[in-house]
Every structure is written in C-alpha cells, then in structure tokens.
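# Coordinate analysis (summary)
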Amino acid sequence: MKKLLSFVLVFVMAVSMATVAFAAESTSAYEKVTTGELTDGKYVLVAGNGYAPSHLDGSWVLPEQPTVDGDKVTDTKGCEWTLTVNGATVKLTDPNGKSIAPKAPDKNSIVEGECWWTYTYSEGTFAFTAEDGKIVFACNTDSQNGLNRFRGYKSATAANTEVYLSEFTLYKLTEGTVNPVEPPVDPVEPPVDPVEPPVDPVEPPVDPVEPPVDPVEPPVDPVEPAVKVTMQDAPVAGTALKLGMVQTTLGKTLYFAGTTANKEYYLATTEDVNAAADVFVEEVEGGYRLYFMQEGVKTYIDLILKDGKYRNLSLTAEPTTVYNWDSEYKTFYTTVEDTKCYIGTYASFDTMSACKFDFITNDDSCPAHLYLVEENTNPNPTDPEPDPTGDFIAVAFGLMAISGMGLTALAAKKKF
C-alpha cells in the first residue's frame, strides 16, 4: 500500500509540473544597447570584427563569433557576460563566474580578479579602461600573436587601432512572455496498482578465490646516464648547444628538433633533449647567426618577412638574418621591417615562431634560450663522491692508512 501511495504522489507532482510548463512560454533576446547608460544584467560584447569575448582561459579571454541579425543577437555562442554597474564603472564577469582584471598597469595581460572598469560611450559603441586609463580591454586581431583573442593592453599598445579593437557594440538580455497556453482539460486516468514481482531466493555468497599475487619486479637501473642541462647567460661560438624554451602554459621544456612544422612557417620541437638538434652560434659582423647540421649541410635559422607581410622562421643554407643578444631575457632578437622580434612561442603552442618583442613581458610568452647539455658524472646525488684527501694515523702495532670520506652536494639552479 505504501508503494502504491508513493507512486500516486509522484504521478500527481509530474502532472502539476507539466501543467505549469504549459501555462506560459517565456521568450528572451539580446537587443542592441543604443544609449550610453548601462545597468546590471547579461550582455554580449561584440568587437568591430564580429568576435566577442567568450570566457577566461589562462592569460587570454578566448573569442567566439555570435550570430547578429540586425539589432539582435540570435545565437550568443556562449558569450553571455554579467555586467555589474557602479556609476561610470562596471565589473566584467564571464559565463563561468570569473571576473577579469589587468595583472599590472605596465603589462599586456588579463587575470581572474575583481576590477571596476571605467566605461565610455561614443556613437553606439562602448570602451572599457582600467588603471586610470593605462589599460584598455581590446581584441588582438594580429594573425600570429592575437588570433582575435582578448586581454588588457597598455594604452600605448592599444593605440594601434588597426590591430587592437577596443570599441564594442553591446547587446543586453531582455525577457518577456507570450500569451499563456491553457493546460489540457482531459482528466488523467489513475494509475493501475502495480503488481509486485516475485522475489527470487537469494543464493548464499560464494567465497571469493584470492587471485595469486604477482611477484614485484625489482626496479631496473637506467641504462643511459643522466645529463645536466644548463641555460647559458651569453652566446658561446663553436659549442654544440640546444635551442629550447620553457612552455609555461603546457608545463614543458621544448627543444628545437631540427625541422620545420605547420607548412614550414614554424620550428618543430621535442621534449627529449637528447633527440634535439645541436645548434651552433656563429659570430658575424654586427651580431650572430644560428645554424645546425642537416644531413651534412650547414643550415641556418633565419627570421624573415614572408610574402611581404608575415614574420616567419626559415631554414636556409644562405642566411640573411643577423641576431643580437638580449642579456636580460637571455635570448636572440632581430629587427624585421622596423619590428623587433625574438624566437619563441606563446599561449599553448608547442612550436617556435617569430614573436614581437613587445609581447615578451606577457605572462604566456616563452622566449628561446641556449642550453648546454653535459653528462652528469654523479646522476644520483645521494651517492657521495670520494674525497681524495687522506688522513694517516700512526698506531703502535703498525701504520694504517685511512682515507677520509667527504660528501659532495650537487646543486643545480635553473636561471631565467
């Protein structure tokens, strides 16, 4: 009887919920904001290229392209941001509940944090600034570094309005209802009493058979000796080195693998330092060149302007690039068409590319360094190395030579 009563109660609740669902059909739309006054609510922020900020991902706000039809957004593509307004300032919160803020007034960056952005309105679009106008929220349309992603940019950087789009058209969520729909009138037939199924007798449990325990194999000592990898503070000509970078976003150290990737626009990398190509520094007039041996051919790493507009890395037997050394970041750089560039990567890419030096202070920038790889003569730091110094003690029954032992601590520190 109790089971029947529970079944009836659940059925009644389901019918009630269905009735409420039929009672009214709600509608909502994101409509263009045509005045300069903002209020709390849900918004879609569309930049001049049609892209909108989606959500915070590491040190970028990723882009999506919502569907705009006239003065309405018909498909938000997940770009619904919550704007909390306080006078002429606003807090920007992504769909995951993460508010965004600049990391510092002198860096191109974006992080999770509370910030009241100052908003301004002009001719139908809004702009957002922070740190007393030193930081501008913008979309970076650069095909190599920005990829239409969003972050806070220094006002001097954002002044290049052909690359950095900081004017947004805002669409706010409006809600309403249409005429209510009458619920169905036909009565619902009461449910039939359920038939209790017969209960099968419970078989007594069978004692489990303990599986045999595999013997534990002893650890096998590594065959290859450990190596010691040391970042170089300055270029060293004529020495076999590795060209590598610390990919902070991926949590990996990647080394130049001796070949190109992605249509020969970038350099391929590997995590295996032993498999990486040996790179050599060559001193030339005005700076340095970088080369490696590819199938017996001296091959140089050039940083060039491709097709008159793309800054790319290139492997060639006839070099034209002369690099300079930056002692602060311990990396090579050169200037291409008035643009200072370095070898490295950014975001979550695992290839080396030509990067603008203006971005080297970004949180996700990964400049390439030179590394010296040596065999580690004491790969196990817990094993002491013998001290050649001996102490000799004269004993009445004879002379015994006792060699003193000293512990040598091996310390390695990675420099950046």
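Anyway, here's the lowdown on the structure attached to this text. A quick note: this is a predicted structure, and the numbers were derived from the prediction, not measured.

### A few points about the sheet that holds strand β18 (residues 242-247)
Sheets are built from strands that pair by backbone hydrogen bonding, the pairs being arranged parallel or antiparallel. With antiparallel pairing, the 5 strands of this open sheet are ordered in space as β17-β30-β18-β19-β20. With one partner strand each, in any of the chains shown, β17 (227-231) and β20 (266-270) form the two edges of the open sheet. Averaged over all adjacent pairs, the angle separating strand axes in this sheet is 50 degrees, with direction ignored. As paired strands, β17 and strand β30 (residues 369-375) are joined by 5 bridges and run antiparallel to one another. Bridging from a neighbouring strand, K228 pairs with E374 of β30.

### Some points on unusual backbone geometry
Not every positive phi belongs to a glycine, and D132 is a case in point at roughly 55 degrees. By the element assignment, D132 lies in the loop between β12 (125-130) and β13 (135-140).

### Some remarks on the pattern of salt bridges
Scanning all chains against the criterion turns up 9 salt bridges. When the shortest N-O distance is used, the salt bridge between K356 and D142 registers 3.4 Å. With K356 in strand β28 (residues 353-356) and D142 in the loop between β13 and β14 (149-154), this pair connects stretches of sequence that are 214 residues apart. Here K356 falls in the buried class, since its relative accessible area comes to 15%. Judged by relative accessible area, which is 10%, D142 ranks as buried. The residue K298 makes a salt bridge to E282 at a minimum N-O spacing of 2.7 Å. Of this pair, K298 sits in strand β23 (residues 297-306) while E282 sits in strand β21 (residues 279-284); the two residues are 16 residues apart in sequence, bridging distant segments of the chain. Several salt bridges share partner residues, and in doing so they unite D142, R311 and K356 into one network.

### Examining the environment of T259
Residue placement: T259 occurs in strand β19 (residues 252-261). Filtering out sequence-adjacent residues up to four positions away, T259 remains in contact with L267, A268 and L315.

### Considering the state of the cysteines
One pass over the full model with this rule turns up 0 disulfides. Left without a disulfide partner, C366 is nearest to the cysteine sulfur of C355, which lies 8.5 Å away.

### Considerations on the nonpolar core
Counting residues in each nonpolar core, the largest one holds 28 residues, and the members touching the most others are L38, L83, I100, W117, F128 and L170. Elements with a minimum of two residues in this core: β2 (41-46), β7 (81-86), β8 (89-93), β9 (100-101), β11 (117-122), β12 and β13. Every residue in contact with L38, bar those within four places of it in the chain, is listed here: V33, Y43, L83, V85, Y119, F126 and L170. Listed in part, the 24 residues of the second largest apolar core include F256, L303, Y323 and V336.

### Structural notes on the side chain of T345
Counting through the fold element by element, T345 comes out in strand β27 (residues 339-345). Setting aside its immediate chain neighbours within four residues, T345 contacts M245, Q247, T351, S353, C355, D364, S365 and C366.

### Thoughts on the packing of aromatic side chains
For the structure on display, the rule yields 19 aromatic pairs. Between Y329 and F357, the aromatic rings sit 6.0 Å apart at their centres with planes inclined by 80 degrees, giving edge-to-face as the arrangement. Residue Y329 is located in the loop between β25 (324-326) and β26 (331-336), and its partner F357 is located in the loop between β28 and β29 (366-367); the two are separated by 28 residues in the primary sequence. Note that R149 overlies the ring of W60, its terminal NZ or CZ placed 3.8 Å from the centroid.

### Remarks on the side chain of Q247
Along the polypeptide, Q247 turns up in strand β18. Within the structure, Q247 has its side chain in polar contact with the backbone nitrogen of T249 (distance 2.9 Å). With near-sequence residues (within four places) excluded, Q247 lies in contact with K252, L254, T345, Y346, A347, S348, F349 and C366.

Criteria and cut-off values
- Residues numbered from 1 in each chain as written.
- Predicted model: local features only at pLDDT ≥ 70, side-chain atom pairs only at ≥ 80, totals over all residues.
- Heavy atoms only, no water.
- Pairing = 2+ DSSP bridges.
- Helix = DSSP H or I, 4+ residues; strand = E, 2+ residues; numbered from the N terminus.
- Axes fitted to C-alpha atoms, helices over the stretch in contact; angles between N-to-C directions.
- Salt bridge = Lys/Arg side-chain N within 4 Å of Asp/Glu carboxyl O.
- Buried < 20%, exposed > 50% of the residue type's maximum accessible area, 1.4 Å probe, protein only.
- Contact = heavy atoms within 4.5 Å.
- Disulfide = S-S within 2.5 Å.
- Core = buried A, V, L, I, M, F, W, Y, C linked by side-chain atoms within 4.5 Å.
- Phe/Tyr/Trp six-rings, centres within 6.5 Å; stacked < 30°, edge-to-face > 60°.
- Lys NZ or Arg CZ within 6 Å of the ring centre and 35° of its normal.
- Polar contact = N/O pair within 3.5 Å; in protein donor to acceptor, adjacent residues only side chain to side chain.

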